[in-house]
Amino acid sequence: TVAGAYRNFPLYIYWSYVLSAFSSALPAALLPLLGFGLTAGGYYGYSVILLDLPIRLLGAGVASVFQQKSAELLRDRPHELRRHTYRLIATLALFSIPFTMLMWLAGESIYVFCFGEPWRVAGQAVEYLAWYYLFRMISSPLTVLFTTLRKERRLFIFHTILMAVRVLSLLIGAAFTNDFLCLMAIFSACNAAAYAVLCLMTYRLVTSLHVST
């Protein structure tokens, strides 16, 4: 039945989105509890304002188009889905790398110019977080493949692990340093690794499909 075919959507996809939203809000909530103060939470919240913009644009536009095209290819020409996915990855990388380089090299200056001197530290945090957001920008539209290929459970597992990675990176980082920017460097490295794994997971999805066909 149709209900049976799509039972994984409410079971896994909904909770994947819930976990994603919850874990995204965790750093700002945990920083004061870890002794970095409300100011650090504010710096983090402001630091992701510009970094989130490309992801929101990609999510609103690219992801929906990619999902529709992927479903059509899976139905009619599954052997072309891998090439279609690779082409999107290359396009996302071409778009994301220049933005990442700009934030990495000039994040502090951009934030001082846009928001004023009080937010200089938030701009410095952006320079550390930029590399984490590079992998996030590339992988974000690709997650629709988990729904298209009915691998929703894998996406749910990833978001569960990602939330654990975010919490542990903050806890471990706070145990070794009381410097906010140093903590952001640790947090960024751990999250970049997690999203690199997500990119690898999508790669294996389309590769295994190609082999099976």
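These numbers come from a predicted model, not from an experiment.

A.B. asks: Help me out: how do you make sense of the packing of aromatic side chains in this one?
C.D. replies: Centre distance and the angle of the planes are the two values used to describe a pair of aromatic rings. Tallied over the full model, the rule gives twelve aromatic pairs. For the pair Tyr44 and Phe187, a centre-to-centre distance of 6.0 Å together with 85° between the ring planes defines the contact as edge-to-face. Separated by 143 residues along the polypeptide, Tyr44 in helix α3 (residues 37–60) and Phe187 in helix α9 (residues 180–212) bring together distant segments of the chain. Each of the two residues, Tyr44 as well as Phe187, counts as buried. Each residue in the set Tyr43, Tyr46, Tyr111, Phe115, Trp119 and Phe180 is aromatic and connected to the rest through ring pairs, giving one cluster.

A.B. asks: Quick question: what am I supposed to make of the confidence of the model for the protein chain here?
C.D. replies: The predicted structure's coordinates, where accompanied by low pLDDT, should not be read in detail. The share of residues in the protein chain with pLDDT of 70 or more is 92%, and the mean pLDDT across the chain is 88. Predicted confidence in the protein chain is weakest over helix α1 (residues 2–5), with a mean pLDDT of 52, and strongest over helix α6 (residues 120–139), with 94.

A.B. asks: Quick question: what am I supposed to make of the pattern of salt bridges here?
C.D. replies: Close approach of charged atoms lets side chains of opposite charge pair. Tallied over the full model, the rule gives four salt bridges. Close ionic contact of Glu80 with Arg77 constitutes a salt bridge, the shortest N to O distance being 3.1 Å. On the basis of relative accessibility, which here comes to 22%, the residue Glu80 falls in the partly exposed class. For Arg77, a relative accessible area of 33% corresponds to the partly exposed category. The salt bridge involving Arg120 is made with Glu117; its shortest N-O contact spans 2.7 Å. Among the charged side chains, a network of salt bridges with common partners joins Glu108, Glu117 and Arg120.

A.B. asks: Explain the state of the cysteines to me, please; I cannot follow it from the model alone.
C.D. replies: Here, disulfide denotes a covalent bond that connects the sulfur atoms of two cysteines. Within this structure, the stated rule accounts for zero disulfides. Its sulfur unpaired, Cys182 is 11 Å from the next cysteine sulfur, which belongs to Cys190. The exposure class assigned to Cys182 is partly exposed, which follows from its relative accessible area of 33%. Residue Cys199 stays outside any disulfide, its sulfur separated by 17 Å from that of Cys190, the closest cysteine.

A.B. asks: What should I look at first to understand helix α5 (residues 81–115) in this one?
C.D. replies: One full turn of an α-helix is made of 3.6 residues, so residues set three or four places apart face in the same direction. The first and last C-alpha atoms of α5 sit only 43 Å apart over 35 residues, clearly below the 51 Å expected at 1.5 Å per residue. The largest bend in α5 is about 80°, located at Ala106. Directly after α5, the chain includes Gly116, whose backbone phi takes a positive value near 105°.

A.B. asks: Sorry if this is basic, but what is going on with the nonpolar core here?
C.D. replies: Nonpolar side chains in soluble globular proteins tend to be buried together. One finds Leu31, Tyr44, Met103, Leu129, Phe180 and Met184 to be the most contacted residues of the largest nonpolar core, which totals 57 residues. Sorting the residues of this core by element identifies α2 (8–33), α3, α4 (62–76), α5, α6, α7 (144–148), α8 (152–176) and α9 as the ones contributing at least two each. Per-element accounting of this core gives the leading share, twelve residues, to α9. Those residues in contact with Tyr44 that sit more than four places away from it in its chain are Ser24, Pro27, Ala28, Leu31, Leu129, Phe180, Met184 and Phe187.

A.B. asks: Explain α8 here, please?
C.D. replies: Relative to the 36 Å expected for 25 residues at 1.5 Å per residue, α8 spans 36 Å between its end C-alpha atoms, a close match to the ideal helical length. All buried positions along α8 are accounted for by Glu152, Leu155, Phe158, His159, Leu162, Met163, Arg166, Ser169, Leu170 and Gly173.

How each quantity is defined
- Residues numbered from 1 in each chain as written.
- Predicted model: local features only at pLDDT ≥ 70, side-chain atom pairs only at ≥ 80, totals over all residues.
- Heavy atoms only, no water.
- Phe/Tyr/Trp six-rings, centres within 6.5 Å; stacked < 30°, edge-to-face > 60°.
- Helix = DSSP H or I, 4+ residues; strand = E, 2+ residues; numbered from the N terminus.
- Buried < 20%, exposed > 50% of the residue type's maximum accessible area, 1.4 Å probe, protein only.
- pLDDT = per-residue confidence, 0-100.
- Salt bridge = Lys/Arg side-chain N within 4 Å of Asp/Glu carboxyl O.
- Disulfide = S-S within 2.5 Å.
- Expected span 1.5 Å × (residues − 1).
- Bend = angle between axes of the 7 residues up to and from the residue.
- Core = buried A, V, L, I, M, F, W, Y, C linked by side-chain atoms within 4.5 Å.
- Contact = heavy atoms within 4.5 Å.

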